Amino acid sequence: MRVLISGAGIAGPALAYWLRHHGAEATIVERAPAPRPGGQALDVRGAALDVVDRMGRLGDLRKARTRMRGSSMLAADGTELFRSTEFAPSSGRLDSDDVEILRDDLVALLAGAAGGADLRYGEAIAGLEQDADGVDVRLRGGTTERFDLVVGADGLHSAVRRAIFPDAVPHHLGAYVAVYTAPNDLGLDEWQVWLRDDRTGAGAGIYTARDNRELRVNVGFMSGPVGYDRHDLDAQRRLVHERCAGLGWEIPRLLAAMDAAPDFYFDAMAQVRLDAWSSGRVTLLGDAGYCPSPLSGQGTSLALVGAYVLAEELARAGAGGLAAYEARMRPFVELNQALATENPGGPAAPESIDRAKTGITL
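Residues numbered from 1 in each chain as written. Predicted model: local features only at pLDDT ≥ 70, side-chain atom pairs only at ≥ 80, totals over all residues. Heavy atoms only, no water.

> Where do I start with the packing of aromatic side chains in this structure?
Two aromatic rings are characterised by how far apart their centres lie and by the angle between their planes. Per the stated rule, a full pass over the model turns up 10 aromatic pairs. Seen from their ring centres, Tyr 176 and Tyr 228 are 6.0 Å apart, and the 75° between their planes marks the pair as edge-to-face. Taken together, the positions of Tyr 176 in strand 14 (residues 171-183) and Tyr 228 in the loop between strand 17 (214-222) and helix 6 (233-244) put the pair 52 residues apart, joining distant regions of the chain. Given a relative accessible area of 5%, Tyr 176 falls into the buried group. Residue classification places Tyr 228 among the partly exposed residues on the basis of a relative accessible area of 24%. Cluster of aromatic residues (ring-pair linked, three or more members): Tyr 176, Phe 221, Tyr 228 and Phe 266. (Phe/Tyr/Trp six-rings, centres within 6.5 Å; stacked < 30°, edge-to-face > 60°. Helix = DSSP H or I, 4+ residues; strand = E, 2+ residues; numbered from the N terminus. Buried < 20%, exposed > 50% of the residue type's maximum accessible area, 1.4 Å probe, protein only.)

> Just to check I follow, could you spell out the side chain of Thr 27 for this structure?
Tracing the sequence through the fold places Thr 27 in strand 2 (residues 25-30). Those residues in contact with Thr 27 that lie beyond four places of it in its chain are Arg 2, Val 3, Leu 4, Ile 5, Asp 118, Arg 120 and Phe 147. (Contact = heavy atoms within 4.5 Å.)

> How should the packing of helix 9 (residues 299-317) against helix 10 (residues 322-341) be read in this particular structure?
When two helices pack together, their arrangement is given by the angle between their axes and by how far apart the axes lie. Remark: helix 9 packs on helix 10, axes separated minimally by 8 Å, with the N-to-C direction vectors making an angle of 160°. What the angle tells us is that helix 9 and helix 10 run roughly antiparallel. As helix 9 runs across helix 10, the sense of the crossing is right-handed. Of the residues in helix 10, those in contact with Leu 302, Val 305, Gly 306, Val 309, Leu 310, Glu 312, Glu 313, Leu 314 and Arg 316 of helix 9 are Leu 322, Ala 324, Tyr 325, Arg 328, Met 329, Phe 332, Val 333 and Asn 336. Taken together, the residues of the contact of helix 9 with helix 10 break down into 11 nonpolar, 2 polar and 4 charged. (Axes fitted to C-alpha atoms, helices over the stretch in contact; angles between N-to-C directions. Parallel < 35°, antiparallel > 145°, perpendicular 65-115°, else oblique. Left-handed = near helix turned anticlockwise from the far one by under 90°. Nonpolar A, V, L, I, M, F, W, Y, C, P; charged D, E, K, R; others polar.)

> I'm lost on the sheet that holds strand 10 (residues 125-130) in this one. Help?
Pairing between the strands of a sheet comes from backbone hydrogen bonds, and it takes one of two forms, parallel or antiparallel. Pairing is antiparallel in the open sheet, where 3 strands are placed in the order 10-11-12. Unpaired on one side and paired on the other, strand 10 and strand 12 (144-147) mark the two borders of the sheet. Along the sheet, successive strands turn relative to each other by an average axial angle of 25°, direction set aside. By the bridge criterion, 5 bridges tie strand 10 to strand 11 (residues 135-139) in an arrangement that is antiparallel. Looking at the pairing, Ile 125 lines up with Leu 139 of strand 11. (Pairing = 2+ DSSP bridges.)

> Sorry, what's going on with the pattern of salt bridges here?
Working definition: two side chains of opposite charge can pair if their charged atoms are close together. Applying the stated criterion across every chain yields a total of 24 salt bridges. Two residues, Arg 2 and Glu 25, come together in a salt bridge whose shortest N-O distance is 3.2 Å. Note that Arg 2 is positioned in strand 1 (residues 2-6) and Glu 25 in strand 2, a separation of 23 residues in sequence. Taking the shortest distance from any N to any O, the salt bridge between Arg 330 and Glu 326 comes out at 2.7 Å. Taken together, the residues span about one helical turn, with Arg 330 and Glu 326 both in helix 10 at a distance of 4 residues. No difference in accessibility class separates Arg 330 from Glu 326, as the two residues are buried. Connected via shared salt-bridge partners are Arg 2, Glu 25, Asp 118, Arg 120 and Glu 145. (Salt bridge = Lys/Arg side-chain N within 4 Å of Asp/Glu carboxyl O.)

> Can you help me understand helix 2 (residues 47-54) in this one?
Structural remark: α-helix, 3.6 residues per turn; residues separated by three or four positions point the same way. Those residues of helix 2 not exposed but buried are Ala 47, Ala 48, Leu 49, Val 51 and Val 52. Contacts made by the buried residues of helix 2 are with helix 1 (11-21), strand 3 (41-44), helix 3 (58-63), strand 8 (99-102) and helix 9. Phi turns positive one or two residues past the end of helix 2, at Gly 56, with a value near 80°.

> Would you mind going over the sheet that holds strand 1 with me for this structure?
Within the open sheet, the 6 strands sit side by side as 9-2-1-13-20-19. Their pairing is mixed. The open sheet is flanked by strand 9 (118-121) and strand 19 (278-279), the only strands paired with a single partner. The sheet contact formed by strand 1 and strand 2 spans 5 bridges and is parallel. Considered in strand 2, the bridge of Ile 5 is made with Ile 28. Here helix 1 sits on the sheet in contact with strand 1, strand 2 and strand 13 (149-152), set at roughly 165° to strand 2.

> How should a positive patch on the surface be read in this particular structure?
Together, Arg 31, Arg 140, Arg 162 and Arg 230 line one region of the surface with positive charge. Structurally, Arg 140 can be placed in the loop between strand 11 and strand 12. (Patch = residues over 30% accessible without salt bridge, like charges linked within 9 Å, V, L, I, M, F, W, Y side chains within 5 Å. Areas by Shrake-Rupley, 256 points an atom, 1.4 Å probe, with all protein chains shown as cover. Lys, Arg positive; Asp, Glu negative; His and termini not counted. Charge placed at Lys NZ, Arg CZ, Asp CG, Glu CD.)

> Would you mind going over the layout of surface pockets with me for this structure?
Over the atoms rolls a probe the size of a water molecule, and in doing so it shows where empty space is left. In this structure, the second largest pocket encloses a volume near 260 Å³. In terms of lining, the second largest pocket is formed by 15 residues, of which the most central are Arg 65, Thr 66, Arg 67, Arg 210 and Asp 211. Of the residues in the lining of the second largest pocket, the class split is 4 nonpolar, 3 polar and 8 charged. (1 Å grid on protein atoms, 1.4 Å probe; cavity = no way out; pocket = protein on both sides within 12 Å on 5 of 7 lines; lining within 4 Å. Points joined across faces, edges and corners; volume = space filled by probe spheres on them.)

> Can you walk me through the side chain of Asn 218 in this structure?
With respect to the helices and strands, Asn 218 occurs in strand 17. Those residues in contact with Asn 218, other than ones at most four positions away along the chain, are Gln 40, Val 177, Ala 178, Val 179, Gly 203, Ala 204, Gly 205 and Tyr 207.

> Which parts of the structure should I look at to understand the environment of Thr 181?
As for its placement among the helices and strands, Thr 181 is situated in strand 14. Between the C-alpha atom of Thr 181 and that of Pro 37, which follows or precedes it by 144 residues, the distance is 9.4 Å. A distance of 2.5 Å separates polar atoms of two side chains, one belonging to Thr 181 and the other to Asp 263. (Polar contact = N/O pair within 3.5 Å; in protein donor to acceptor, adjacent residues only side chain to side chain.)

> Quick question: what am I supposed to make of unusual backbone geometry here?
Peptide bonds are trans in most cases, and residues, glycine excluded, mostly fall at negative phi. Backbone geometry places Arg 210, a non-glycine residue, at a positive phi of 55°. Mapped onto the fold, Arg 210 is located in the loop between strand 16 (202-209) and strand 17. Phi is positive for Asn 212, close to 70°, though the residue is something other than glycine. Relative to the assigned elements, Asn 212 resides in the loop between strand 16 and strand 17.

Written as C-alpha cells, this is what we have:
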C-alpha cells in the first residue's frame, strides 16, 4: 500500500512510522520549507504514552520532557494570588506519569522515528482525483502521483479537509491565542506564571524552556470570531497588542518581544466536528479531522493514538479499514473534545483529563 500523508507535524510522522511498521510505503508532504520552530508545550498522556512506548521512543520522550517545579497565578496587575508546587496549568499534576514536551522537540523525535519515510518539505497537495482503486494526486511542484490512500494530517486549517468536505468549518470556542519564544529576562527557573484580566478577557501564560534560557509565551483574549488574514503575521501581532494592552506585570515587555519573535503563531481556539472523517480513499487524522483545541490538553494524545489505530486498521483491511478506524476512535475523540467545551475558561481539570485519557484500549 502506498499512502500519501499531508502534514509533517505530529500526526503525520507518527502515522508514517506505523505504516512502515506494517509494511506499507509512506510519503509525507509538508508545505513549510523546514520543520517549524517554536510552539507551546504539549502533553502526552494515557494511551498515547503506550503508543510512544511501542515505537521504542518512550525513553527519548521522557528525556526531552519539560521540568516544571510549579506555577503562580497572578491578578491582571501582577499581584500573586496563589502558587502551587503540585500543579501547573500547562503540565497538569507534576507527580503524574504524563509527559510534557515542547512541540518542536516532539516533532523532531517523531520525524526521527519515521526516518525511512519519503519526507518532502516545501511540497503540498494541489489537487485530488480518486476512483475505486486509488487517488491521483497533483502536487504543487508540478508532478502527479498515484497513491492507494491519502491522509490529511494538516491541522486545524486542513486543505485536505476542504477538498473532501468543502462545507466543513472549525467550531469557534470564543478565544484566540498567540504563542512565541522570548528571552528569559524574567529569571524564571522551571516555573510557570499565569494571569488573566476578567474585565477584558485577556490573559497570558509564561513558562521556561531550554534549561531556562527561553520563555514560551502564550498570550490571548476571549472574543467571538474575528476577521483577519491568516497569512498576515504583522496584522495578527497588531491584533494581539490591541486586545492585550491592558495586562500588567511584565506583559508589556513580553508583548514587545513578540514583534521580534521568529516563531510567532496565532490562531483561534476551535474544534473540528465532522460526521465522517473519510470520503472514499481520503481520510483525516489528528487536528485535521477532530481537533479538540488546546483547551482540552489532549490534541497531541489524540493525534498519536489516531495514527496508531489508523495504521492498524489499514493493515487489517486496506482502505476498507477506514470505517473501523472511525468506529474505534470516535468515542475517544468525543470524550476528549468535551474537556474543552466543559472548561471554556481555561485548561481542563486534572480529574477530567484522567477520566478522558483512559477512554480507549489499544
